[in-house]
Amino acid sequence: MEDELPETTEIDVTPMATVALILVVIFMSSGGLYMSPTMKVELPQASTAESERKQNVTVSIGSNSEIAIDDVSVTWETLFDGLLLSLQNNKDKFVIIRADKNALYMDITDVMAWAKQAGAKSITIATEQKKK
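Worth saying up front: this structure is predicted, and the values here are computed from it rather than measured.

1. Here's the deal with the overall build of the protein
Argument step 1. Across its full length, the protein carries three helices and seven strands.
Argument step 2. Taken from the N to the C terminus, the helices and strands of the protein come in the order α-β-β-β-β-α-β-α-β-β.
Argument step 3. Counting every position in the protein, which comprises 132 residues, the buried fraction comes to 20%.
Argument step 4. Here the contacts in the protein between residues at least 6 apart in sequence split such that 71% fall between residues at least 24 apart.
Argument step 5. On the protein, roughly 10,900 Å² of surface is accessible, and the fraction owed to carbon and sulfur atoms is 58%.

Structure follows, in structure tokens:
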């Protein structure tokens, strides 16, 4: 009898790794296509269902960077403190940003960041219902 070596079974993972890397490259290269719009977009208008009632804090941003928390005018310097106070006794910690369609994008993103830092659990941007 000859000495028989036991058979070893190996799975070659090289093709699977190659396919995975190709998919990563495709997703990375096509991701930039979705980030840079090629047309002018007029916002905000949307057809959405009415959301359920939540206790919320409303931040309004005007076209000239005026700002208010729940209909109380504040300055950009006092905005964070106002958000902290408003969210402190708010059980839902829900912030609605009402921004004029001509408001600066940077103003809206700043409000979103400060609301999150102040403890907001959910942030949404209000839109106007489309007229039928």
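2. Re the environment of K116
Argument step 1. Mapped onto the elements, K116 comes out in helix 3 (residues 105-118).
Argument step 2. The spacing of K116 and V95 is 21 residues in sequence and 9.1 Å in space, taken between C-alpha atoms.
Argument step 3. When residues no more than four places from it in sequence are discounted, the contact partners of K116 are K121 and I123.

3. What about the pairing of strand 5 (residues 94-99)?
Argument step 1. Counting buried positions over the six residues of strand 5 gives five, a clear majority of the element.
Argument step 2. Bridging between strand 5 and strand 6 (residues 122-125) involves four bridges; their strand directions are parallel. Bridge pairing links I96 to T124 in strand 6.
Argument step 3. Where the polypeptide runs from strand 5 across helix 3 and back to strand 6, its parallel neighbour, the crossover connection is right-handed.

4. Section: the packing of helix 2 (residues 79-88) against helix 3
Argument step 1. At their nearest, the axes of helix 2 and helix 3 sit 9 Å apart, and the two run at 45° to each other. Viewed along their axes, helix 2 and helix 3 adopt a mutual orientation that is oblique. Where helix 2 crosses over helix 3, the handedness of that crossing is right-handed. Contacts between helix 2 and helix 3 involve L79, F80, L83, L84 and L87 from the first element and V111, W114, A115, Q117 and A118 from the second.

5. With respect to the sheet that holds strand 5
Argument step 1. Read from one edge to the other, the open sheet built from five strands follows the order 4-3-2-5-6, with strand pairing classed as mixed. A single partner strand is all that each edge strand has here, and the edge strands are strand 4 (72-74) and strand 6. Ignoring strand direction, the axes of neighbouring strands in this sheet form an average angle of 25°.
Argument step 2. The pairing of strand 2 (residues 56-61) with strand 5 spans six bridges and is classified as parallel. By the bridge assignment, T58 is partnered in strand 5 with I96.

6. Things to note about the nonpolar core
Argument step 1. Core analysis: the biggest nonpolar cluster contains 17 residues, and V59, I61, L79, L83, V95 and V111 have the highest contact counts within it.
Argument step 2. Residue assignment for this core shows that the elements contributing at least two residues are strand 2, strand 3 (67-69), helix 2, strand 5 and helix 3.
Argument step 3. Considering each element in turn, this core owes the most residues, four residues, to helix 3.
Argument step 4. Ignoring sequence-local partners within four residues, the contact set of V59 consists of I67, A68, I69, L79, L83, V95, I96, I97, R98 and V111.

7. Comments concerning a nonpolar patch on the surface
Argument step 1. Residues V19, I22, L23, I26 and F27 make up a contiguous nonpolar surface patch of about 480 Å² in total accessible area.
Argument step 2. Relative to the assigned elements, F27 resides in helix 1 (residues 14-35).
Argument step 3. Among the residues examined, F27 registers a relative accessible area of 59% and is labelled exposed.

What counts and what doesn't
- Residues numbered from 1 in each chain as written.
- Predicted model: local features only at pLDDT ≥ 70, side-chain atom pairs only at ≥ 80, totals over all residues.
- Heavy atoms only, no water.
- Helix = DSSP H or I, 4+ residues; strand = E, 2+ residues; numbered from the N terminus.
- Buried < 20%, exposed > 50% of the residue type's maximum accessible area, 1.4 Å probe, protein only.
- Contact = heavy atoms within 4.5 Å.
- Areas by Shrake-Rupley, 256 points an atom, 1.4 Å probe, with all protein chains shown as cover.
- Pairing = 2+ DSSP bridges.
- Right-handed = clockwise from strand over helix to strand, strands pointing away.
- Axes fitted to C-alpha atoms, helices over the stretch in contact; angles between N-to-C directions.
- Parallel < 35°, antiparallel > 145°, perpendicular 65-115°, else oblique.
- Left-handed = near helix turned anticlockwise from the far one by under 90°.
- Core = buried A, V, L, I, M, F, W, Y, C linked by side-chain atoms within 4.5 Å.
- Patch = residues over 30% accessible without salt bridge, like charges linked within 9 Å, V, L, I, M, F, W, Y side chains within 5 Å.
- Salt bridge = Lys/Arg side-chain N within 4 Å of Asp/Glu carboxyl O.

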